[in-house]
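Spelled out, the chains give:
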Amino acid sequence: MTLDLVLLAFENGRLQALTISEPESRGRRVLPWLPYDGAEPIDTAIRQAAHDVLGAVPTWLEQGGVYDGRKRHPVEGSVSLAFVGLVCDIGNARSASQAWTEMDAMGALPPRQRAMVEDALVMLRDRIDFDPLAFRLLPSAFTLSELQQVYERILGHSLHKASFRRALQAARLVQPLNEFRTEGRGRPAQLYRYSPRHRTSAVRSARFDLLGGA
């Protein structure tokens, strides 16, 4: 059995996954993985594995799916349990074998691990409405444009800017800071932080996944 890590980060406006190059994969990029023999609890093993490759435990780490041997893996014939982790700061690679790879450029992964990446995105899309996943991919201070980009990358389509900001305001998830950052040639953009506030009504949280449009 193997434990596989789908570690995702948001960098340069794109979702990226951590990949490694190892002898077993003949130089191809693969997701980090480790053999599991049951000697310690799975949660302990996967958290230690994530710490080993990142230098820290991800801001969010959850179990994904179970995959059998019908699809090829760097270790043939094994059963794999995938875990999905979100990283807010990719930092520097801890070894020469590591690299952050854009999601759109990951077609060369072994088929079983490719399925893990695709299922990880489905998992995030299913949960983004009630779990603050997008904020776990951002630093503590961010612009609303950066936040919208994260939602768009996870959901897989563009969002209408004004509608997104109205929905964000209605959901009462962010608080403005007295700080600004220059973005391109326009005027500086205000920074915000994740600060969910108590809702006085039972209105459901905003459905950002329904806000289509450019």
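Quantities reported herein were computed from a predicted structural model and do not represent experimental measurements.

1. Comments concerning the sheet that holds strand E9 (residues 174-181)
Ordered by their spatial adjacency, three strands build an open sheet running E8-E10-E9, and the pairing between neighbours is antiparallel. Bordering the open sheet on either side are strand E8 (142-143) and E9, each of which pairs with just one other strand. Inspection of the sheet shows E8 paired to strand E10 (residues 189-194) by two bridges, in the antiparallel sense. Residue pairing across strands places Phe142 opposite Tyr192, the latter belonging to E10.

2. A short note on the packing of helix H3 (residues 144-155) against helix H4 (residues 161-171)
Contact geometry of H3 with H4 gives a least axis separation of 11 Å together with a crossing angle of 100°. Taken together, H3 and H4 sit at an angle that is classed as roughly perpendicular. Contact residues: Leu144, Ser145, Leu147, Gln148 and Tyr151 in H3; Lys161, Phe164, Arg165 and Leu168 in H4. Of the residues in the contact of H3 with H4, the class split is five nonpolar, two polar and two charged.

3. Brief notes about the pairing of E10
If a strand is regular, its side chains alternate between the two faces of the sheet. In the sheet, E9 pairs with E10 via five bridges, with the strands oriented antiparallel. Paired with Gln175 across the bridge in E10 is Arg193.

4. Details of the packing of aromatic side chains
Under the criterion given, the structure shown has three aromatic pairs. A centroid spacing of 5.7 Å and a plane angle of 55° characterise the contact between Phe135 and Phe142, whose relative ring orientation is tilted. Residue Phe135 shares its accessibility class with Phe142, and that shared class is buried. One aromatic cluster is present, built from ring pairs that chain together Phe135, Phe142 and Tyr194.

5. As for the nonpolar core
Ranked by internal contacts, the top residues of the largest apolar core, which has 41 residues, are Val6, Leu8, Met103, Leu147, Tyr151 and Val174. Where this core is concerned, the elements lending two or more residues are strand E1 (2-11), strand E2 (14-21), strand E5 (60-67), strand E6 (80-87), helix H2 (111-127), H3 and H4. The biggest single contributor to this core is H2, with seven residues. Non-local contacts of Val174, meaning those with residues more than four positions away in its chain, are made with Phe135, Phe142, Leu144, Leu147, Leu168, Tyr192, Arg193, Ser195 and Arg197.

6. Section: H2
End to end, H2 covers 25 Å across 17 residues, agreeing with the expected 24 Å (1.5 Å per residue, within 8%). Where H2 is concerned, the buried positions are Arg112, Gln113, Ala115, Met116, Val117, Ala120, Leu121, Met123 and Leu124.

7. A look at a nonpolar patch on the surface
A contiguous nonpolar surface patch, about 260 Å² in accessible area, is contributed by Met1, Val66 and Val79. Along the chain, Met1 falls in the segment before E1.

Conventions and cut-offs
Residues numbered from 1 in each chain as written. Predicted model: local features only at pLDDT ≥ 70, side-chain atom pairs only at ≥ 80, totals over all residues. Heavy atoms only, no water. Pairing = 2+ DSSP bridges. Helix = DSSP H or I, 4+ residues; strand = E, 2+ residues; numbered from the N terminus. Axes fitted to C-alpha atoms, helices over the stretch in contact; angles between N-to-C directions. Parallel < 35°, antiparallel > 145°, perpendicular 65-115°, else oblique. Contact = heavy atoms within 4.5 Å. Nonpolar A, V, L, I, M, F, W, Y, C, P; charged D, E, K, R; others polar. Phe/Tyr/Trp six-rings, centres within 6.5 Å; stacked < 30°, edge-to-face > 60°. Buried < 20%, exposed > 50% of the residue type's maximum accessible area, 1.4 Å probe, protein only. Core = buried A, V, L, I, M, F, W, Y, C linked by side-chain atoms within 4.5 Å. Expected span 1.5 Å × (residues − 1). Patch = residues over 30% accessible without salt bridge, like charges linked within 9 Å, V, L, I, M, F, W, Y side chains within 5 Å. Areas by Shrake-Rupley, 256 points an atom, 1.4 Å probe, with all protein chains shown as cover. Salt bridge = Lys/Arg side-chain N within 4 Å of Asp/Glu carboxyl O.

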